[in-house]
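What follows is each chain in one-letter form.
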Amino acid sequence: MPVETREITFITKGNCDVIDITSQVAEEIKLSKIQDGIITIFVPGSTGGLSTIEYEGGLVSDIKEAMERMAPQGIEYKHNLKWKDGNGHSHIRATIVGASLTIPFVKKKMLLGTWQQIIFLDFDNCSRNRRLVLQIIGE
Amino acid sequence: MPVETREITFITKGNCDVIDITSQVAEEIKLSKIQDGIITIFVPGSTGGLSTIEYEGGLVSDIKEAMERMAPQGIEYKHNLKWKDGNGHSHIRATIVGASLTIPFVKKKMLLGTWQQIIFLDFDNCSRNRRLVLQIIGE
Amino acid sequence: MPVETREITFITKGNCDVIDITSQVAEEIKLSKIQDGIITIFVPGSTGGLSTIEYEGGLVSDIKEAMERMAPQGIEYKHNLKWKDGNGHSHIRATIVGASLTIPFVKKKMLLGTWQQIIFLDFDNCSRNRRLVLQIIGE
């Protein structure tokens, strides 16, 4: 039973940019030799998060507002006082949302709901070239 | 080393109903051919979440209140303005809590703490028939 | 393809003590017979959480403040009224942050970002001897 490690890359706008990565992830499963198993998506960094959502404009706007309530940009962060990069809120949001997401698939198809998409949330305060690790384990 | 994909179903009351699914998950591991490995529990939908908790009435009530603080039902959600289904808060809670949970097991026994149960949180605003995907990988 | 179940132990101060466990986890991967795969880190308990962060003093202080905003210690928890142990906030923080974290590794090296460390958050209100389960699956 093989393990395949792949990656996807994309450009983000930052500032809680919400990217639908479902089709890119699905494509990597298709390209792999594995039929059934799990794919672990991982953010190799500390200012981005992974989750799922019904990807529509209303909720994309609502999740940005929820993140602003959960870890506001305007308050004091010790990280900012120390490093002057102004992204303390980005790190805190990333730690709470989490950098790892595991999704089961069967016959190369992820078992997502009809209205459920995989999202990367770029919490950093600038545009970034992002790389995500995808590791597929199965048979 | 096999991969087994199973599912469990149950009925919820919605409105942050907190369901202890530990025994249903344990039963599926028992029924599988796998002795040691991981079970990935996955919500194929965008208004439910998975986590663990000490399942007792006090904390079940406390987590409902915590979710109301984290993503209040009463505030404006763009999703509601657009779709009129009034469950914007349900989607946001689901995205923050997360749709995937991975638990290791040995000799068919999950390595949970003594006072730790697996919970499904139904954030939707109505009763639902829920289905969860369980994928077991191991030896 | 083997499954290896290991554990690490350490002492915490409690009260949102944030422990960098990266080197302890890396050591267990090195000691295993598995080259490429995933490691699932799991908290067998209901008052601790796992995530990743850029582990520096500013953010360690910021995450403690964020947890205090997310689930304040001073408010009423039904759990405390019932059990008198005063750690209702600890349980709620643990349920929201999550007890499970899965990280891919290749050639025994976890695919973490340069400034990304693995942390255990002890939300309990006292010093604890903590044990984490590490399960490694791969080839």
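Quick look at the structure, then.

What counts and what doesn't
Every chain is numbered independently, its residues counted from 1 as its sequence is written. The order in which chains are written sets their letters, starting at A; the order in which ligands are written sets their numbers, starting at 1. Where totals are concerned, whole chains, interfaces and linings use all residues; where local detail is concerned, this predicted model gives features only for residues with pLDDT of at least 70, and gives and counts side-chain atom pairs only at 80 or more. In computing side-chain properties, one takes all heavy atoms of the structure into account and sets aside hydrogens as well as water. Starting at the N terminus, helices and strands are each numbered in turn, a helix being any DSSP run of H or I of at least four residues and a strand any DSSP run of E of at least two. It only takes one pair of heavy atoms within 4.5 Å for two residues to be counted as in contact. Counting of polar contacts relies on pairs of N or O atoms within 3.5 Å, with two restrictions inside protein: one atom must be capable of donating a hydrogen and the other of accepting it, and residues adjacent in sequence are counted only when both atoms are side-chain atoms. What makes two strands pair is DSSP finding at least two bridges between them. Each axis is a line fitted through C-alpha atoms, and for a helix only the stretch in contact is used; angles between axes span 0 to 180 degrees, taken between their N-to-C directions. Reported buried area values correspond to the accessible surface (1.4 Å probe) lost by two parts on association, with both partners' losses combined. Here, a salt bridge means any side-chain nitrogen of Lys or Arg that lies within 4 Å of a carboxyl oxygen of Asp or Glu. Following the grouping adopted for this structure description, the nonpolar residues are Ala, Val, Leu, Ile, Met, Phe, Trp, Tyr, Cys and Pro, the charged ones are Asp, Glu, Lys and Arg, and the polar ones are all others, Gly among them. Copy-to-copy alignment: least squares on C-alpha atoms, limited to residues at pLDDT 70 or above in both. Only protein chains enter the accessibility calculation, which uses a 1.4 Å probe; a residue is then buried when its area is under 20% of its type maximum, exposed when over 50%, and partly exposed in between. Here the nonpolar core consists of buried residues drawn from Ala, Val, Leu, Ile, Met, Phe, Trp, Tyr and Cys, with membership extended through side-chain atoms lying within 4.5 Å.

Description of the environment of Glu56 of chain C
Then, in step 1: Relative to the helices and strands, Glu56 of chain C is located in the loop between strand E4 (48-53) and helix H2 (57-70).
Then, in step 2: The spatial distance from the C-alpha of Glu56 of chain C to the C-alpha of Thr95 of chain C is 24 Å, given a sequence separation of 39 residues.
Then, in step 3: Excluding its chain neighbours within four sequence positions, the residues that come into contact with Glu56 of chain C are His79, Lys82 and Trp83 of chain A.
Then, in step 4: Polar side-chain contacts of Glu56 of chain C include one of 2.6 Å to the side chain of His79 of chain A.

Quick word on the sheet that holds E4 of chain C
Residue and element names in this part refer to chain C.
Then, in step 1: Pairing is antiparallel across the open sheet formed by three strands, whose spatial order is E2-E7-E4. Looking at which strands have only one partner, the edges of the open sheet turn out to be strand E2 (17-20) and E4. In this sheet, neighbouring strand axes are inclined to one another by 30° on average, regardless of whether the strands run parallel or antiparallel.
Then, in step 2: As defined by bridge partners, E4 adjoins strand E7 (residues 117-122) across six bridges and the pair is classed as antiparallel. Paired with Gly48 across the two strands is Asp122, which belongs to E7.
Then, in step 3: Strands E2, E4 and E7 of the sheet are contacted by H2, whose axis makes an angle of about 140° with E2.

Topic: the interface of chain B and chain C
Frequently, the measure chosen for interface size is the accessible area that the parts lose on association.
Then, in step 1: Taken together, the contact between chain B and chain C spans 35 residues of the former and 33 residues of the latter.
Then, in step 2: Across the interface of chain B and chain C, roughly 2500 Å² is buried in total on both sides, 63% from carbon and sulfur atoms.
Then, in step 3: For Lys78 of chain C, the salt bridge goes to Glu65 of chain B, with nearest N and O atoms at 3.2 Å.
Then, in step 4: Inspection of the chain B/chain C interface yields 13 residue pairs in polar contact (both at pLDDT 80 or more).
Then, in step 5: Within the residue set of the side of chain B that touches chain C, elements represented by two or more residues are strand E3 (37-42), strand E4 (48-53), helix H2 (57-70), strand E5 (100-106) and strand E8 (128-138) of chain B.
Then, in step 6: Considering each element in turn, the side of chain B that touches chain C owes the most residues, 11 residues, to H2 of chain B.
Then, in step 7: Its residues assigned to classes, the side of chain B that touches chain C comprises 18 nonpolar, 10 polar and seven charged.

Let's talk about the interface of chain A and chain C
Then, in step 1: The interface is formed by 32 residues belonging to chain A together with 35 residues belonging to chain C.
Then, in step 2: Taken together, the two surfaces of chain A and chain C that pack against each other cover about 2500 Å², and 63% of this comes from carbon and sulfur.
Then, in step 3: Here chain A is connected to chain C by two salt bridges.
Then, in step 4: Elements with a contribution of two residues or more to the side of chain A that touches chain C: strand E1 (3-12), strand E3 (37-42), helix H3 (78-83), helix H4 (88-97), strand E5 (100-106) and strand E8 (128-138) of chain A.
Then, in step 5: Per-element accounting of the side of chain A that touches chain C gives the leading share, five residues, to H4 of chain A.

Remarks on the relation of the copies chain B and chain C
Then, in step 1: By a simple turn and slide, chain B fits onto chain C: the slide is 0.0 Å along the axis, the RMSD is 0.0 Å, and the turn is 120°. On the angle and the small slide along the axis, the relation comes out as a three-fold axis.
Then, in step 2: Of the interface residues in chain B, just 14% have counterparts in chain C that sit at the interface too, so the contact is made through distinct surfaces.

Considerations on helix H4 (residues 88-97) of chain B
All names here are of chain B.
Then, in step 1: The element H4 is extensively covered by neighbouring structure, given that 10 of its 10 residues are classed as buried.
Then, in step 2: All of the buried residues along H4 are Gly88, His89, Ser90, His91, Ile92, Arg93, Ala94, Thr95, Ile96 and Val97.
Then, in step 3: Positive phi appears at Gly98, one or two residues downstream of H4, with a value of about 105°.

Some thoughts on the nonpolar core
Then, in step 1: Grouped together as the largest cluster of nonpolar side chains are 72 residues, with contacts concentrated most on Ile21 and Ile41 of chain A, Ile21 and Ile41 of chain B together with Ile21 and Ile41 of chain C.
Then, in step 2: The residues touching Ile21 of chain A, leaving out its near neighbours within four places in the chain, are Ile8, Phe10, Ile41, Leu50, Ile118, Ile119, Phe120 and Leu132 of chain A.
Then, in step 3: Judged by nonpolar contacts, the second largest core, of 54 residues, contains Met67 and Ile96 of chain A, Met70 of chain B together with Ile96 of chain C.

Re the relation of the copies chain A and chain C
Then, in step 1: Note on the copies: chain A fits chain C at an RMSD of 0.0 Å, the axial shift is 0.0 Å, and the rotation between them is 120°.
Then, in step 2: The overlap is low: 16% of the interface residues of chain A also sit at the interface in chain C, so different surfaces are used on the two sides.

With respect to the sheet that holds E5 of chain A
Residues and elements named next belong to chain A.
Then, in step 1: Reading across the sheet, the five strands line up as E1-E8-E3-E5-E6 and stay open at both edges, with antiparallel pairing between neighbours. Since the sheet does not close on itself, it has two edges, and those belong to E1 and strand E6 (109-110), each with one partner.
Then, in step 2: Sheet topology note: the E1/E8 ladder contains 10 bridges and is antiparallel. Across the sheet, residue Thr9 finds its bridge partner in E8, namely Arg131.
Then, in step 3: Here helix H1 (residues 22-31) sits on the sheet in contact with E1, E3, E5, E6 and E8, set at roughly 155° to E1.

Purely geometric numbers; function is a separate question.
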